[in-house]
Amino acid sequence: MQNRQEQISQVVVTSEQMRDIEERIFAAGMPVAALMEKVAGLIAHRIHEIYPNFGQKQEKDAGKELFASWRVSPITTRVGILVGPGHNGGDALVVARELYFRGYEVWIYCAFSKLKELTAQHLQYAQSLGIPCYQEISQLQDCDFLIDGLFGFGLERMLTDFIAAAIDRLNEWNKPIISIDLPSGLHTDTGEVLGTAIRATHTFCLGLWKSGLLQDQALEYVGKAELIDFDIPLADVQAVVGDTSKIKRITPATVLSTLPLPRPQVTHKYKEGHLLMICGSRRYAGGAILTALGARASGVGMLSIAVPESLKPILVSHLPEALIVGCPETQTGAIAQLQLPEKTDLSSFHAIACGPGLTKDATAIVQEVIASDRPLILDADALNILAQMGTIATLQKRQATTVLTPHTGEFQRLFPDMPDPKHDRVLAVREAAAQTRAVVLLKGARTAIASPQGLVWINPESTPALARGGSGDVLTGLLGGLLAQAATKQIAVEDIVATAAWWHSQAGILAAQERTELGVDAFTLTQYLMKVLSKPKVKSLL
Ligand SMILES: NC(=O)C1=CN([C@@H]2O[C@H](COP(=O)(O)OP(=O)(O)OC[C@H]3O[C@@H](n4cnc5c(N)ncnc54)[C@H](O)[C@@H]3O)[C@@H](O)[C@H]2O)[C@@H](O)CC1
Ligand SMILES: [K+]
């Protein structure tokens, strides 16, 4: 049983769900003003940790490094508070008051004439304390950092007029900005920029993760995101999102529980999964090697690799433990047909991973594996071939598990009539999975994985270091190995896909930490997969 914190950190909500949860809490008797006090108190505490007040002597040294890049002030820290008309603005005003009492110099920007009642009361009190309130954003230009309380999940239309101009202006100042709940201007569900948006340094997401913060298009606005947990009762979350949230954030604890560890004491290689990889061509031999090294890291019991005959020696030299199946070649050097060893057919394998480096000339073999009853991962050229075959009609005929791992371009070729993944990735991937009955993994900075039943996992951490040729091949191999090992276990396929996505990105992050973002070529990535599992924090969860 997961603890509360673990469960809460997995949940991802839409604005409508958050509104419903909030209403249940208020209906149960929690006063709105009390909740705002609690939440804003937690925010003020975190801000105090991140940007300490230099005016307080004892903290001078503690915060020096943080301030070094923008202002080393011997005097009181100046904080600008951006106040919107709703309760996001109310939160910001409570923070303003708290920081004021901790000795910060506080300046408020509020240019809205109509405020919600609670927000108006907090503004009145702040002004009564002598905190200056301006209607011109330029008055805040000398602040050391800003708190963005313009809009939270109540933003419902495009930003225009004075408020859009103010946001554009303050973004130019390049000051640290902490956004409360969401960077103002982002759509809570899709992360789309509604006209313009605050470019935050930090986002303190309140209570539960909002779906928009986990979308690729939001990332350059969100900065470092963290969850401020204010003790929303789990019962209220479950009542609104159901027992299993429809969108979930991948967390280490959940993925590590799906790994095939520990192994049973008595076992043998075929019991630990037999993966057939079909990949490579004379033109793209490397793709086969990288996929195989990804599979190797998964710990799969037995690995068979079907490649064009001419690639056999090079594969043997890289993977002495694997069974290399040399296949007849087309004139262009692609696999012409699958030629398995005697007494072996596709039913000998627990899973098949097919695609990297195949070229489009390997159509026949892709058709053959799609027609099989084996769990199947299709990637790269196999996806392009599938698109030509007609994605939805072809996959609807399959009875066994299929996993598709497209990037955005491949996704659009596979699903030309689906919602644009550039606009709303969650919607697109969910629709694709529903229509194909496949598990679909849409690659990106925030990889999204959908099951045919409508569950979407989002991988919340990654690194641009992985934007590099071959890193997708590694993922396909890793995923294939995990899927083969899970064949006899009762683990949902989408959970295994989520595990592979998380493991792969964590390897990229670890490699980038040690070697910079330029040092994570696909081969290096394969070498870091195992290192992820030996990190003390990860080990303790295994
Ligand atoms: N959900 C919860 O449990 C809690 C929510 N709190 C805060 O409350 C926020 C939500 O508050 P609200 O529902 O008041 O919503 P917001 O504060 O996000 O903003 C809504 C207000 O902005 C106006 N508005 C919306 N779009 C606009 C646009 N494009 N241009 C100009 N005005 C626009 C609306 O008319 C409304 O007055 C959260 O984000 C969070 O900061 C916290 O105070 C406490 C706990
Ligand atoms: K905000």
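Remember, it's a predicted structure, so these values are computed and weren't measured experimentally.

1. Some remarks on the site of ligand 1
Stage number 1. Contacts to ligand 1 come from 24 residues, most closely from H87, D91, K116, G152 and D181.
Stage number 2. G154 places a polar main-chain atom, nitrogen or oxygen, 2.9 Å from an oxygen atom of ligand 1.
Stage number 3. When contributions to the shell around ligand 1 are tallied by element, the ones reaching two or more residues are α2 (15-27), α3 (32-50) and α5 (87-101).

2. Quick word on the coordination of the potassium ion (ligand 2)
Stage number 1. The protein atoms donating to the potassium ion (ligand 2) are N88 (OD1), D148 (O), F151 (O), I180 (O), L182 (O) and S184 (OG), with metal-donor distances spanning 2.6 to 3.0 Å.
Stage number 2. One can describe the donor arrangement at the potassium ion (ligand 2) as irregular, given that its six donor atoms subtend angles of 68 to 169° at the metal.
Stage number 3. When the donor residues of the potassium ion (ligand 2) are listed from N- to C-terminus, their spacing reads N-x59-D-x2-F-x28-I-x1-L-x1-S. With a gap of 32 residues between them, D148 in strand β5 (residues 145-149) and I180 in strand β6 (residues 177-180) connect regions that are remote in the sequence.

3. A look at a nonpolar patch on the surface
Stage number 1. Taken together, the side chains of Y100, F101 and Y125 make up a nonpolar region of the molecular surface, amounting to roughly 320 Å² of accessible area.
Stage number 2. Relative to the helices and strands, Y100 resides in helix α5.
Stage number 3. Here Y100 falls in the partly exposed class, since its relative accessible area comes to 30%.

4. Topic: the pairing of strand β14 (residues 351-354)
Stage number 1. Burial of the side chains of β14 extends over both faces: A351 and A353 are buried on one face and I352 and C354 on the other.
Stage number 2. Here four bridges tie strand β11 (residues 274-278) to β14, and the two strands are oriented parallel to one another. Bridging across to β14, L276 finds its partner in I352.
Stage number 3. Bridging between β14 and strand β15 (residues 376-378) involves three bridges; their strand directions are parallel. Of the residues in β15, the one forming a bridge with A353 is I377.
Stage number 4. Note on the crossover from β14 through helix α13 (residues 363-371) to β15: the handedness is right-handed.

5. Observations regarding the domain arrangement of the protein
Stage number 1. We note that the domain assignment places domain 1 (4-249) and domain 2 (252-258 + 268-539) within the protein.
Stage number 2. For domain 1 and domain 2, the distance between their C-alpha centroids amounts to 40 Å.
Stage number 3. Counting from both sides, the interface comprises 14 residues of domain 1 and, opposite them, 18 residues of domain 2.
Stage number 4. Summing both partners gives a buried area of about 1,500 Å² for domain 1 against domain 2, and 54% of it is carried by carbon and sulfur.
Stage number 5. Of all residues in domain 1, the largest losses of buried area upon contact with domain 2 belong to D216, K246 and K248, amounting jointly to 32% of the total for that side.
Stage number 6. Here domain 1 is connected to domain 2 by one salt bridge.
Stage number 7. Taking the shortest distance from any N to any O, the salt bridge between R425 and D216 comes out at 3.7 Å.
Stage number 8. Put simply, the parts of the chain that give the side of domain 1 that touches domain 2 at least two residues each are α1 (4-10) and β10 (247-249).
Stage number 9. Examining the composition of the side of domain 1 that touches domain 2, we find that three residues originate from one element, β10, more than from any other.
Stage number 10. Considered class by class, the residues forming the side of domain 1 that touches domain 2 number three nonpolar, five polar and six charged.

6. Structural notes on the side chain of K443
Stage number 1. Within the secondary structure, K443 sits in the loop between β17 (439-442) and β18 (448-450).
Stage number 2. Polar side-chain contacts of K443 include one of 3.4 Å to the side chain of D379.
Stage number 3. A polar atom in the side chain of K443 sits 3.3 Å from the backbone oxygen of T405.
Stage number 4. Apart from residues no more than four positions distant in its own chain, K443 is found in contact with D379, T405, P406, H407, T408, R425, G472 and L475.

7. Re the sheet that holds β6
To summarise the sheet geometry, strands pair through backbone hydrogen bonds and adopt either a parallel or an antiparallel arrangement.
Stage number 1. Pairing in this open sheet of seven strands is parallel, and the strands run β4-β3-β2-β5-β6-β7-β9 from one edge to the other. Since the sheet does not close on itself, it has two edges, and those belong to β4 (133-134) and β9 (224-228), each with one partner.
Stage number 2. Where β5 meets β6, three bridges bridge the pair, whose relative direction is parallel. Across the sheet, residue D148 finds its bridge partner in β6, namely S179.

8. Details of the environment of V369
Stage number 1. On the secondary structure map, V369 appears in helix α13.
Stage number 2. Exposure remark for V369: the relative accessible area of 0% places this residue in the buried category.
Stage number 3. Along the sequence, V369 and H274 sit 95 residues apart, while their C-alpha atoms lie 16 Å from each other.

9. Looking at the UniProt feature "domain: YjeF C-terminal" (unreviewed entry) in the protein
Stage number 1. Using the residue numbers shown here, the UniProt feature "domain: YjeF C-terminal" (unreviewed entry) corresponds to residues 252-536.
Stage number 2. Helix makes up 42% of residues 252-536 and strand 13%, whereas the separation of the span's terminal C-alpha atoms amounts to 13 Å.

10. A word on helix α20 (residues 522-533)
Stage number 1. Among all positions of α20, only A522, T524, L525, T526, Y528, L529, V532 and L533 are buried.
Stage number 2. Next to the buried residues of α20 lie α10 (252-256), α11 (285-297), α18 (471-485), α19 (493-515) and α21 (536-539).
Stage number 3. Its side-chain oxygen 3.1 Å from the backbone nitrogen of F523, D521 forms the N-cap of α20.

11. Considering the side chain of T190
Stage number 1. Here T190 shows up in the loop between β6 and β7 (202-206).
Stage number 2. At 3.1 Å, the side chain of T190 and the backbone nitrogen of E192 are in polar contact.
Stage number 3. Excluding residues that lie within four positions of it along the chain, T190 makes contacts with G212, Q215, Q217, H423 and D424.

12. Notes on unusual backbone geometry
Stage number 1. The peptide bond linking L261 to P262 adopts the cis configuration, its omega dihedral lying at -10°.
Stage number 2. Counting through the fold element by element, P262 comes out in the loop between α10 and β11.
Stage number 3. Although it is not a glycine, D231 adopts a positive phi angle of roughly 65°.
Stage number 4. Inspection of the secondary structure puts D231 in the loop between β9 and α9 (234-241).

13. Looking at the packing of aromatic side chains
Geometry of an aromatic ring pair is reported as the spacing of the ring centres plus the angle between the planes.
Stage number 1. According to the stated counting rule, one finds five aromatic pairs in the structure shown.
Stage number 2. Residues Y100 and F101 carry aromatic rings whose centres are separated by 5.3 Å and whose planes lie at 70° to one another, so their mutual orientation is edge-to-face.
Stage number 3. For F101, a relative accessible area of 52% corresponds to the exposed category.
Stage number 4. Put simply, the rings of F112, F151 and F162 pair up and form one aromatic cluster.
Stage number 5. Stacked on the ring of Y528, the Lys or Arg K531 has its end atom at 4.2 Å from the ring centre.

The rules behind these values
Residues numbered from 1 in each chain as written. Chains lettered and ligands numbered in written order. Predicted model: local features only at pLDDT ≥ 70, side-chain atom pairs only at ≥ 80, totals over all residues. Heavy atoms only, no water. Near = heavy atom within 4 Å. Polar contact = N/O pair within 3.5 Å; in protein donor to acceptor, adjacent residues only side chain to side chain. Helix = DSSP H or I, 4+ residues; strand = E, 2+ residues; numbered from the N terminus. Donors = N, O, S within 2.8 Å, 3.2 Å for Na, K, Ca; no water. Tetrahedral: all angles 85-135°; square planar, octahedral: opposite > 155°, others 65-115°. Patch = residues over 30% accessible without salt bridge, like charges linked within 9 Å, V, L, I, M, F, W, Y side chains within 5 Å. Areas by Shrake-Rupley, 256 points an atom, 1.4 Å probe, with all protein chains shown as cover. Salt bridge = Lys/Arg side-chain N within 4 Å of Asp/Glu carboxyl O. Buried < 20%, exposed > 50% of the residue type's maximum accessible area, 1.4 Å probe, protein only. Pairing = 2+ DSSP bridges. Right-handed = clockwise from strand over helix to strand, strands pointing away. Domains from an automatic or database assignment. Contact = heavy atoms within 4.5 Å. Buried area = accessible area lost by both parts, 1.4 Å probe. Nonpolar A, V, L, I, M, F, W, Y, C, P; charged D, E, K, R; others polar. UniProt positions renumbered as here; feature names shortened; annotations may be inferred. Phe/Tyr/Trp six-rings, centres within 6.5 Å; stacked < 30°, edge-to-face > 60°. Lys NZ or Arg CZ within 6 Å of the ring centre and 35° of its normal.

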